[in-house]
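An overview of the molecular structure
Spelled out from the first residue to the last, the chains are:
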Amino acid sequence: MNPIVHAELSWLMTQRLEARRDRILVVCAGLAPDLDGLSILGGGELYARYHHLIFHGYVGALVTALTCAALARSRLWVGGLSLVAFHLHLLCDLAGSGPGWPIWYFWPTSLHEWFWDGQWDLASWQNSLIGMGATLLCLACALRYRRTALELLSTRWDAEVVRALRLRFLGEGKPSP
């Protein structure tokens, strides 16, 4: 699954958190497993060897959740949601990163591979459908929570998108006849 969808899925689970900072931390937790993807900077061989190994396991989950909780306003909630977002990323990778690409969850204490025989390709219809659904749900949050996942990048841009969506679907901001 691509990083945008990982971010959207993580952001969707944060809607009960009041602080934007806490929502951003949980999204970072949902993206954190791909830190081992930086191995691509050393070339394709290093990437093939270390992506899904170094940070796609319990050590990465613990480091991520503890770091996010330490930086959060709602520490307990952010710590818990960070663990959920991290593991949702792993589940999505197990399902939709491509056949034959395992996760070594217990590394460095074990090299036992986790994989699923039904894995679908990264460019599959399943990943596309999940991505479209996540994007639509993120936009729908404008109607209920008055924010979209665009808040991760810019509160000003987010406010404009929210205004446009609320005008279109709820009629807010229309001049009275």
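Counting of residues starts from 1 at the beginning of each chain's written sequence and follows it residue by residue. Restriction of local features to residues with pLDDT of at least 70 applies here, the model being predicted, together with a cutoff of 80 or more for giving and counting side-chain atom pairs; totals for whole chains, interfaces and linings are based on all residues. Note that the side-chain values use all heavy atoms of the structure and ignore hydrogens as well as water.

**Things to note about unusual backbone geometry**
Inclusion rule: Secondary structure elements follow DSSP: runs of H or I no shorter than four residues count as helices, runs of E no shorter than two count as strands, and numbering proceeds from the N terminus. The buried label goes to any residue with under 20% of its type's maximum accessible area, the exposed label to any with over 50%, and the partly exposed label to all in between, with areas taken from a 1.4 Å probe on protein chains only.
Following Trp-107, the chain continues to Pro-108 via a peptide bond in cis, the omega torsion being 15°. Mapped onto the elements of the fold, Pro-108 is located in the loop between helix H5 (75–96) and helix H6 (125–144). One non-glycine residue, His-52, adopts positive backbone phi at about 80°. Mapped onto the secondary structure, His-52 falls in the loop between helix H3 (44–50) and helix H4 (58–71). The exposure class of His-52 is buried, given its relative accessible area of 1%.

**Focus: the side chain of Asn-127**
So the rule is basically this: Working rule for contacts: check all heavy atoms of both residues, and any pair within 4.5 Å makes them a contact.
Residue position: Asn-127 is located in helix H6. The contacts of Asn-127, once residues within four sequence positions are left out, are Met-1, Gly-96, Trp-120, Asp-121 and Leu-122.

**Thoughts on the pattern of salt bridges**
What counts, and what does not: Should a side-chain nitrogen of Lys or Arg be within 4 Å of a carboxyl oxygen of Asp or Glu, the pair is scored as a salt bridge.
The tally for this structure, following the rule as stated, stands at five salt bridges. Residue Arg-23 pairs with Glu-151 through a salt bridge whose shortest N-O separation is 2.6 Å. You can see Arg-23 sitting in helix H2 (residues 20–31) and its partner Glu-151 sitting in the loop between H6 and helix H7 (155–170), a full 128 residues away along the chain. The same class applies to Arg-23 and to Glu-151, which are both buried. Note that Glu-172 is salt-bridged to Arg-146, the shortest N-O span being 3.4 Å. With Glu-172 in the segment after H7 and Arg-146 in the loop between H6 and H7, this residue pair connects regions lying 26 residues apart in the sequence.

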